[in-house]
Structure formats: structure tokens, C-alpha cells
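Fold and contact review
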Amino acid sequence: MADFPHLNFTQKIKAPYKHRGFAGGKLNERTKNNLENRRQHAKGLNNAIESLSKKWETVIIQRQRDGFPDLPNQDIIPLYLQVDPTKFDLEALEGFGITIISQEDEGFIIGAASADFNKLRTKIRDFLKKDKTKNPAQLWQINEGIAWRPELILSENLLQKWDQIGDNEILVVEVSIACQLKLSQAPQRLKNISKAVYESRYNNWLERKRINEIERGDLELQRQNQFEELLDGFGGKRLRGYINYEDSFSVDIQISGKGLKDLVFNYAYLFEVSEPEETEVISANSIEGTNIKLEVIAPGIDAPKVCVIDSGIMEGHFLLQPAIIANRSFSFVPSDTDVSDKVANGGHGTRVSSAILYPTEIPKTGLCQLPCHIINMRILDDENKLSNDLYPPSLMMEVYEKNRDVKLFNLSVASRFPSRTTHMSAWAATIDKLMWENDILFLVSAGNLPWNLGFLKNPGILHYLHNTTQQYPDFLLNNASRIANPAQSSFALTVGSVCLHNYEDLDKKSFGKKDDPSSFSRTGLGIWGMIKPDVVEYGGDWIKEKTANPNISINDSVCPELVRSGGGAIGKDAIGTSFATPKVTSIAVALQKSFPQLSALMYRALIVQSARWPEFAFNNHQLKWIRHFGYGIPNINRAIENTSSRITFIEEGRISPSNADIYTIKIPDEIRRQGDDYKILLEITLSYKANIRRTRQRTRSYLSTWLTWETSKLNDDTLAAFKDRVLKKLETESDTDEIDETIQVNQEQAEKTTIKWAISTRKDWSINDVRRQDSTVQKDWAVIDSFKLPEELCIAVVGRKGWEKDVKKEVPYAIAVSFEVLNSEINLYEKISFENEIRQEVQVNV
């Protein structure tokens with residue numbers, strides 16, 4: 001038992017609230033102009049749909065002449081339109097006869113509509129009559145053709161060679177197809193409605209929802225069958241089973257160039273096409289021979305299990321063998337059932353596994369009991385590549401199905417290229433889906449820059465050294481250095497790399513020194529402004545020559561120590577985010593071992609809560625540090641327990657979009673005394689998950705429910721004052737991006753009373769261009785003078801509406817709050833724990 005264990009909160013208040021609706025706000029100038037010029041706007045919309053209808057007739061006739069197979073629902077036209085991004089409710093498009101296929105940037109929508117446009121024509125006529133509806137004014141424009149489709153639907157690499165694809169060329173691609181039905185909003189309980197009446201209405205709605213789900217399932221099956229008929233008409237084929245999401249499905253197919261081009265231009269329900277993923281790893285060949293006289297003991301029978309999804313493992317290695325559950329090993333590599341690590345120069349999965357078991361260094365003598373069991377899932381071939389015959393989303397599902405008793409999954413595999421930024425990839429979304437549906441945690445590497453020259457869209461380190469003036473570490477912040485697929489996963493813990501040591505001699509030097517960003521580590525931000533990587537660990541660094549056109553190489557002084565699959569038992573001869581990731585997995589192992597009753601969400605929260613920026617960045621809040629380090633370097637001791645000068649409160653809960661959970665921590669008077677000058681580091685981490693849908697953009701549209709947190713101001717002395725402020729705000733506030741604990745009516749007063757968070761909830765408040773609520777793990781920290789702390793610190797976890805229609809549907813979360821004295825030896829843990837020793841739970845109806 002730890003001397004300073006984490007504590008539970010002493011008080012929790014569940015505070016339901018009723019949203020009173022959004023403030024009116026100022027009309028967008030373009031929308032306002034459309035209202036003032038109704039006839040001109042209506043004419044523009046009518047001209048666009050007339051043009052589209054005629055062009056579509058031509059397309060259908062030409063397809064028949066060319067002998068193409070009939071499209072399913074040939075009267076459905078692909079659309080590209082733009083709506084007012086600040087005011088327009090996307091769900092309202094169904095009333096226009098327009099089905100949303102996917103949401104794009106700046107109010108643009110890929111849609112589909114019947115060729116007669118009857119519903120839209122009616123809306124436009126009503127708009128001309130100046131009836132109450134203003135929605136057509138918020139429908140800004142409709143594109144009159146389909147030439148836009150390749151640019152919006154294709155991946156960058158596929159788009160780059162689009163014009164060179166021959167009609168008879170056979171391609172393997174991943175396609176994503178929208179499939180959703182509109183569902184009405186669940187009824188809300190109003191003041192004048194009795195509980196019995198409300199429950200009756202809600203139960204009636206649940207029945208409508210059940211029928212809607214059945215109908216959507218039927219539609220999904222119908223659409224898949226129709227798609228296969230179309231595919232068969234082109235001589236193509238489906239390669240694996242469909243991966244289904246709430247609003248879409250994905251599958252990899254084989255098809256001719258001619259067929260693919262027709263699909264992209266004319267199949268209205270298609271919203272994404274990409275090529276098979278190519279993985280990127282760093283190989284090396286220097287060897288360290290070490291004489292090891294270590295007795296390795298197997299993990300305890302109840303020790304955690306970790307699924308290593310990689311290139312296989314040298315299972316007989318004496319440093320690893322006691323941890324391997326050999327009868328669970330499996331190879332997904334086509335035509336190769338061998339589960340061993342065949343990657344040259346020491347292996348990859350072998351090294352990854354060793355970093356889980358020996359995260360800091362490998363003991364050379366004595367006894368060592370291994371902390372966990374390892375399950376070997378081989379997906380990479382002997383060249384450390386993912387076969388084109390493997391479809392990553394299906395692969396993740398199959399790996400999980402074989403390991404349903406496992407809570408921790410290490411995936412040190414990533415694409416060669418930066419991730420896309422419009423929609424969550426099928427690979428990343430499948431990881432999110434698995435984590436939503438199950439109590440598991442994926443730990444995923446951020447990906448590595450190519451060490452060589454690379455490609456035009458994916459330049460390597462030598463390109464920057466030889467061909468540009470942009471040097472380390474600036475080149476790591478280029479768009480091309482963005483984290484790789486599937487590291488953008490919303491719920492996975494994404495891990496980047498920092499330098500372990502520095503090196504310099506007469507001829508060579510390392511790029512960075514200890515704690516600097518590794519020269520290969522891909523950076524954030526992630527998709528839709530998410531903070532990625534979440535954390536970083538020591539994955540090593542390259543060294544470069546001190547010449548005009550330097551080469552780069554590896555030196556054992558800057559590499560982590562890892563087990564090898566051949567040529568020496570261990571070595572310091574490999575670098576990469578691949579080996580930083582399992583070091584974080586080892587912390588997750590320690591958490592599961594210490595707290596088996598806690599959820600994977602709490603493990604994620606405590607890892608992030610334990611993380612801290614390097615000292616040179618800690619008091620210098622800049623966006624670049626977030627992009628390099630995420631929340632920082634985690635610490636196993638801070639994750640698991642505390643010290644006399646540090647205390648952590650944790651809690652797990654569930655919350656619906658219409659609730660706030662309020663927690664309180666009492667601050668002793670002797671810490672808050674005027675005249676004492678203690679510097680208190682306050683850290684708060686919220687970790688949550690929700691259901692997902694792929695066709696939408698931005699965190700709050702991707703998720704069924706999204707959460708935020710906020711705290712007392714420095715002048716909120718009581719729980720009542722905080723509760724009143726939070727709930728009053730929730731009743732009047734719209735769920736916009738600009739959520740902030742500061743309503744800056746009086747800027748000077750706000751600066752005196754608001755906690756100065758490092759990140760905050762506004763892009764213009766602390767660090768520009770980032771907000772903590774854009775991520776599903778939200779950490780923030782502040783250094784506060786002890787005498788400014790309130791008597792009772794209150795923290796609210798707030799549920800906010802995403803796409804979920806059921807107002808009672810809850811999502812799980814975990815929260816951690818820590819206080820640490822930075823400049824004193826006072827026993828903070830004892831003083832705060834004593835003040836908060838009585839645990840109680842209070843239910844408050846508002």
C-alpha cells in the first residue's frame with residue numbers, strides 16, 4: 001500500500017439543468033444579405049439545381065452508352081453545398097430533401113438529393129413568400145457540377161496520381177460510404193409537465209428510436225448489397241468484411257481504374273477513398289554485446305496482460321520468454337503463420353516488448369520479476385511492413401476479438417505519411433469504436449519522419465538538412481511532419497519521442513539534448529485541434545555529421561537500451577516513437593497492477609496527470625511545446641502515488657449531455673494564510689469517451705456527447721457561489737467553441753479572479769490556437785499563490801450535446817486533481833487529506 005495514495009473526492013453534487021436555448025447572436029453578413037435580397041438568392045439556388053438536374057441526365061445517358069452498370073438509385077445526385085457555419089442546423093437539411101454525406105470545412109457539405117429537388121423547390125418558394133423560415137438564407141450556395149469530388153474524396157497520395165490511373169489498372173483502395181437516418185430529438189422535461197407524462201413521452205420516443213435503429217440496419221444492409229452489385233458490374237470485389245460505424249461503413253476493395261473513377265464521380269454516398277497504409281519504422285544495425293547474469297522470473301498469475309501488435313517477437317529470448325503467453329500468439333501476415341520477429345538487425349516487436357518489460361534499463365545481474373504478460377500479435381512482415389492484403393480497421397477488430405480479456409494494447413505501428421485532417425480515418429475511428437465499446441486502452445506511436453530525403457509531400461530529415469534553410473527543431477512543426485495515421489485517434493493515448501541524452505565529438509553531434517524533441521518524432525496538433533501527441537517518452541535521437549551536406553547515423557549514447565532478436569542479447573542501436581510508446585505502456589501496466597478495479601479511462605487520466613513539460617518549457621507556455629510534447633513526459637511515481645508535498649484526488653463517473661457533476665476539495669486555512677508565500681501547482685485532467693460517427697468534423701460533431709470542466713474562480717469562496725454561477729451559465733450558454741470561465745465584462749477583475757491556466761478554453765486566452773475542450777483527454781495546470789486559493793475548490797464536469805438524441809444517454813469519464821507545493825517542505829498531503837477525510841455524496845435537484 002502506498003504511503004500517499006490517491007484519494008476520492010469528499011463531495012459530489014449531481015446537478016441536472018435545462019438548457020434554455022441559444023442566444024440569438026448577430027446574423028452573418030452573407031445570411032443577412034440573402035434575407036434582404038430574397039429574389040436574387042432564390043434565383044441563384046434555382047439556377048444551380050436546374051443546371052445540376054440537366055447535367056445529371058447527361059451523366060446517366062452517357063454511362064448507359066459506355067456500358068457502365070446502373071447506379072443504385074439513379075435519381076440521387078451528388079451535391080456540394082455551403083451553409084452558414086455559425087447558425088445553420090445541419091439536421092435541417094433533411095427538410096430540404098438533402099441527405100448529409102459528410103461535413104467539410106467552413107460550412108461546406110457533401111450531400112445527396114433526389115434529381116427532382118421537390119422539397120428544396122418548395123423551401124425556396126416559401127422563402128420568396130417571406131414566410132417565417134430563414135433557413136434558405138443560410139443555404140449559401142450549391143455547386144453546379146461534380147468536378148469537385150476527387151479533391152474532396154481522395155487521399156492526397158491518390159489525388160496526386162489520379163490523372164495517371166489507367167482504365168485497366170487494378171487498384172486496391174479503402175472506401176467509406178455514408179449510411180444514416182435522421183432521428184428526432186428526445187423530449188425534454190419541462191416545468192409544466194408532470195413526471196408521469198414526461199416518462200410516457202420519453203418511452204414513446206425510445207420506441208421510435210428502436211424502430212429507427214432497425215430501419216437503419218436494414219438500410220445499411222441494402223446499401224452494402226447495392227454497392228457490391230455495382231462493384232461486381234465493374235469486375236471488382238470486396239476483399240474483407242465491412243467495418244460499421246453509427247453513420248457509415250468502410251471496406252477495402254479491388255477495382256479497375258475505370259470503375260474507381262466512376263465511383264468517385266457518380267456514387268453519391270461515397271465520402272472517402274484512400275490507398276492501403278504503408279508503415280514507417282527506423283532500422284539500425286549497430287550491436288552491443290553485453291554479458292548478462294540476470295535471473296528472470298515470470299510475472300504473477302494475476303499480472304496484467306499487454307497485447308503487442310507488431311512484427312512478432314523472439315519469444316524464446318531469455319529476457320522475454322517468462323512473460324510470453326505462447327499459446328495466445330498469432331500471425332496475421334498472409335501466408336506466414338510464424339509468430340517470430342523476422343525483421344533484420346535486431347527486430348522490432350522484440351524491442352517493443354522489451355521496452356514494456358524493462359522501460360528504463362535492463363538489469364545485468366540479480367533477480368528480476370517481470371511486471372506483465374505479453375501476448376504476441378504479429379501484423380508486420382519481415383521487412384517491417386503491413387501487407388496490402390491486410391486492412392487495418394478489420395485487423396484491429398480481429399486482434400481485439402482474440403484478446404477480449406486484455407485491457408492494454410500497444411500499437412507501435414504508424415503510416416509513412418501525415419494523417420489527413422478532414423475526417424477521422426477508418427483505422428483511427430475503429431480504435432475509437434473499440435475503446436468506446438470496451439474498457440480498453442490503445443497506446444499508439446505518433447510516427448517517425450523518414451530519415452532519408454523522403455517525398456515531395458513527405459520530406460525526410462536529410463531533405464531538411466540538405467535542401468532547405470529550415471533546421472531542427474523547426475522542421476518538426478511543418479504540416480508534413482504531422483502525426484501519422486492512426487495516431488490521430490481521439491481516445492488512444494498517442495506517444496511522441498524526446499531525446500534520451502546528447503552526444504558530440506569532433507565530427508558528429510546529436511540534434512538535441514536530453515528532453516529536447518527527437519529529430520524524427522512527428523508532432524501535433526491532431527485532427528480538429530486535438531492535443532496530440534498526448535505524452536512523450538525517451539525514444540532516442542539521430543546524430544548528424546558536422547559537414548555542409550551531413551549524413552545521419554545512430555550512436556549508442558543516445559539510444560534506449562532494448563532487447564534484440566539476434567546479433568547480441570541487448571543493444572542501444574534503435575530509435576523511434578515505436579520504442580517511446582511501450583515505455584508509456586509500462587506505466588499503464590503499473591497502474592493496472594496497482595488499481596485493477598479502475599477503468600482504462602482512469603489509467604489514461606493518471607498517465608496524463610503525471611506528465612510534465614521539461615523544465616525549460618514548463619514556465620514558458622508556447623504552442624510549439626504542446627505540438628512537440630503534448631502534456632509532457634509522464635512519471636510512474638506521480639501516476640501511482642503522491643508525496644508529502646503532493647496530493648491527488650480521483651473519481652470516475654457517468655454523465656449525460658444535460659448534467660453537471662460538481663466535486664469539491666476543502667483547502668485548509670493554514671495553507672491559505674495571508675503572509676505565507678507557497679507556490680501551489682494545481683493540475684486537473686479529465687478523460688472521457690463517447691460514441692462516434694465518421695461523416696462529421698470537429699470533436700463535438702464526431703462525438704455523441706462531449707465534456708468540459710471548469711473550476712472555482714479565486715474569489716468563489718463557497719460551493720453555493722460556484723454552483724449558482726455554473727448552473728446559471730449553463731442555462732443561458734450555447735454549446736459553442738468559445739467556452740470559457742471568463743466572461744470578460746471587466747477585464748481587470750477577470751484577471752484578478754480567474755485561475756491562469758496554461759492552456760485554457762479560448763484560443764486567445766493563454767496559448768494561442770489551442771483549446772483544451774477540443775480533446776477527449778483535457779489537462780490544464782496553473783501555479784497559484786497559496787493565499788489566493790478559495791476556501792473550497794470546486795470542479796464541475798459538464799456534459800454537452802453532440803449528435804446523441806437521447807437526453808438520458810450517459811458517457812463515462814475519469815477526473816484527477818492534484819495539488820503540489822513547489823517551493824516549500826510543508827506536508828501538504830497530510831493537511832489537505834485531513835480536511836477532506838469524510839466522504840459523502842449529495843444529490844441536488846436544480
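Calculation notes
- Residues numbered from 1 in each chain as written.
- Predicted model: local features only at pLDDT ≥ 70, side-chain atom pairs only at ≥ 80, totals over all residues.
- Heavy atoms only, no water.
- Helix = DSSP H or I, 4+ residues; strand = E, 2+ residues; numbered from the N terminus.
- Rg over C-alpha atoms; globule rule 2.2 N^0.38 Å.
- Buried < 20%, exposed > 50% of the residue type's maximum accessible area, 1.4 Å probe, protein only.
- Contact = heavy atoms within 4.5 Å.
- Lys, Arg positive; Asp, Glu negative; His and termini not counted.
- Charge placed at Lys NZ, Arg CZ, Asp CG, Glu CD.
- Core = buried A, V, L, I, M, F, W, Y, C linked by side-chain atoms within 4.5 Å.
- Axes fitted to C-alpha atoms, helices over the stretch in contact; angles between N-to-C directions.
- Left-handed = near helix turned anticlockwise from the far one by under 90°.
- Nonpolar A, V, L, I, M, F, W, Y, C, P; charged D, E, K, R; others polar.
- Salt bridge = Lys/Arg side-chain N within 4 Å of Asp/Glu carboxyl O.
- Pairing = 2+ DSSP bridges.
- Disulfide = S-S within 2.5 Å.
- Expected span 1.5 Å × (residues − 1).
- Parallel < 35°, antiparallel > 145°, perpendicular 65-115°, else oblique.
- pLDDT = per-residue confidence, 0-100.
- Polar contact = N/O pair within 3.5 Å; in protein donor to acceptor, adjacent residues only side chain to side chain.

Moving on, we get to the overall build of the protein. Along the backbone of the protein there are 22 helices and 33 strands. Taken over C-alpha atoms, the radius of gyration comes to 28 Å for the protein, in line with the 28 Å a tight globule of 846 residues would show. C-alpha extents for the protein along the principal axes are approximately 80 × 70 × 55 Å. Sorting the 846 residues of the protein into buried and exposed places 61% on the buried side. Within the protein, contacts between residues separated by at least 24 positions form 80% of all contacts whose residues are at least 6 apart in sequence. Each charge sign in the protein was given a centre, from 105 positive and 114 negative side chains, and these centres are 6 Å apart.

On to the environment of Ser335, then. Tracing the chain through its elements places Ser335 in the loop between strand 14 (330-331) and helix 9 (349-357). On the basis of relative accessibility, which here comes to 86%, the residue Ser335 falls in the exposed class. On a C-alpha basis, the gap between Ser335 and Gly347 in space is 20 Å, while along the polypeptide they are 12 residues apart.

Right, let's get into the nonpolar core. Among the nonpolar cores identified, the biggest contains 156 residues, and Ile374, Phe442, Ile815 and Phe819 are the most heavily contacted of them. Those residues in contact with Ile374, other than ones at most four positions away along the chain, are Val306, Val308, Ile313, Ala323, Ile324, Ile325, Ser353, Ile356 and Leu357.

At their nearest, the axes of helix 9 and helix 13 (residues 577-594) sit 7 Å apart, and the two run at 35° to each other. The handedness of the crossing between helix 9 and helix 13 comes out as right-handed. From helix 9, Arg351, Val352, Ala355 and Ile356 reach across to helix 13, where they touch Ser578, Phe579, Pro582, Lys583, Thr585, Ser586 and Val589. In terms of residue class, the contact of helix 9 with helix 13 is built from six nonpolar, three polar and two charged.

Now for the pattern of salt bridges. A complete count under the given rule lists 43 salt bridges for this structure. With a closest N to O distance of 2.6 Å, Glu207 and Arg210 form a salt bridge. Taken together, the residues span about one helical turn, with Glu207 and Arg210 both in helix 7 (residues 195-233) at a distance of three residues. Residue classification places Glu207 among the partly exposed positions, given a relative accessible area of 36%.

This paragraph deals with helix 9. In terms of residue burial, helix 9 counts as a mostly covered element, since nine of its nine residues are buried. Taken residue by residue, helix 9 has Gly349, Thr350, Arg351, Val352, Ser353, Ser354, Ala355, Ile356 and Leu357 as its buried positions. The secondary structure elements touched by the buried residues of helix 9 are strand 13 (305-310), strand 16 (373-378), strand 17 (408-411), strand 24 (562-563) and helix 13.

This part takes up unusual backbone geometry. Of note, the amide linkage connecting Gly524 to Leu525 takes the cis form, showing an omega dihedral of 10°. Positionally, Leu525 belongs in the loop between strand 20 (508-510) and strand 21 (535-538). Residue Pro533 follows Lys532 across a cis peptide bond; omega there is -5°. Its place among the elements puts Pro533 in the loop between strand 20 and strand 21. In this model, Asn73 sits at a positive phi of 50°, which is unusual for a non-glycine residue. Its place among the elements puts Asn73 in the loop between helix 2 (38-65) and strand 3 (76-83). Residue class for Asn73 comes out partly exposed when judged on its relative accessible area of 37%. The phi dihedral of Glu106 falls on the positive side, at around 55°, and the residue is not glycine.

The sheet built from four strands is open, its strands ordered 4-5-3-6 with antiparallel pairing. Each edge of the open sheet carries a strand with a single partner, namely strand 4 (98-103) and strand 6 (139-142). Strand-to-strand twist across the sheet, computed as the mean angle between neighbouring axes with direction ignored, equals 35°. Here five bridges tie strand 4 to strand 5 (residues 108-114), and the two strands are oriented antiparallel to one another. Bridge pairing links Ile100 to Gly111 in strand 5. On the sheet, helix 2 packs against strand 3 and strand 6 and is oriented at approximately 35° with respect to strand 6.

This paragraph deals with the state of the cysteines. Considering all chains together, one arrives at zero disulfides under this definition. For the unlinked cysteine Cys368, the closest cysteine sulfur is that of Cys372, found at 11 Å.

Moving on, we come to helix 11 (residues 426-437). The end-to-end C-alpha distance of helix 11 is 16 Å, a good match for the 16 Å that 12 residues give at a rise of 1.5 Å each. Among the 12 residues in helix 11, 11 count as buried, and that is most of the element. By the burial criterion, the buried members of helix 11 are Ala426, Trp427, Ala428, Ala429, Thr430, Ile431, Asp432, Lys433, Leu434, Met435 and Trp436.

It is worth spelling out the pairing of strand 16 at this point. The buried count for strand 16 comes to six of six residues, which makes it a mostly enclosed element. A two-sided burial pattern is seen for strand 16, the buried positions comprising His373, Ile375 and Met377 on one face and Ile374, Asn376 and Arg378 on the other. In the sheet, strand 13 pairs with strand 16 via six bridges, with the strands oriented parallel. Its bridge partner being in strand 16, Cys307 is matched across the sheet by Ile375. Strand direction decides the pairing type here: strand 14 and strand 16, joined by two bridges, are parallel. Residue pairing across strands places Ser331 opposite Arg378, the latter belonging to strand 16.

Geometry of a packed helix pair, given as the angle between the helix axes and the separation of the axes. Close contact between helix 10 (residues 392-402) and helix 11 brings their axes to 8 Å; oriented N to C, the two are set at 25°. Taken together, the axes of helix 10 and helix 11 lie roughly parallel to each other. Pair helix 10 / helix 11 crosses with right-handed handedness. Contacts between helix 10 and helix 11 involve Pro392, Pro393, Met396, Met397 and Tyr400 from the former and Ala426, Trp427, Thr430, Ile431, Lys433 and Leu434 from the latter.

All right, on to the pairing of strand 3 then. Most of strand 3 is tucked away, with eight of its eight residues classed as buried. Burial of strand 3 is two-sided: the residues Ile76, Pro78, Tyr80 and Gln82 facing one way and the residues Ile77, Leu79, Leu81 and Val83 facing the other way are all buried.

Bringing the sheet that holds strand 26 (residues 646-655) into the picture now. Across the sheet, which stays open at both edges, the five strands sit in the order 1-26-32-28-30 with mixed pairing between neighbours. Sheet topology places strand 1 (7-8) and strand 30 (777-785) at the edges, where each strand pairs with a single neighbour.

On to the confidence of the model for the protein. When pLDDT is averaged along the protein, the result is 88, and 92% of the positions lie at 70 or above. Contacts from residues 19-23, a stretch scored under 50 in pLDDT, to residues over four places away or in other chains number 11 contacts. Low confidence marks residues 735-745, where pLDDT is under 50. Its contacts with residues over four positions away, or in another chain, come to 40 contacts.

Below, the discussion takes up the side chain of Asp806. Within the fold, Asp806 resides in the loop between strand 31 (792-801) and strand 32 (811-821). On the accessibility criterion, Asp806 (6% relative accessible area) is buried. Of the polar contacts made by the side chain of Asp806, one reaches the backbone nitrogen of Lys808; its length is 3.0 Å. Dropping the residues within four chain positions of it, Asp806 is found in contact with Ala186, Tyr202, Trp205, Leu206, Lys209 and Pro657.

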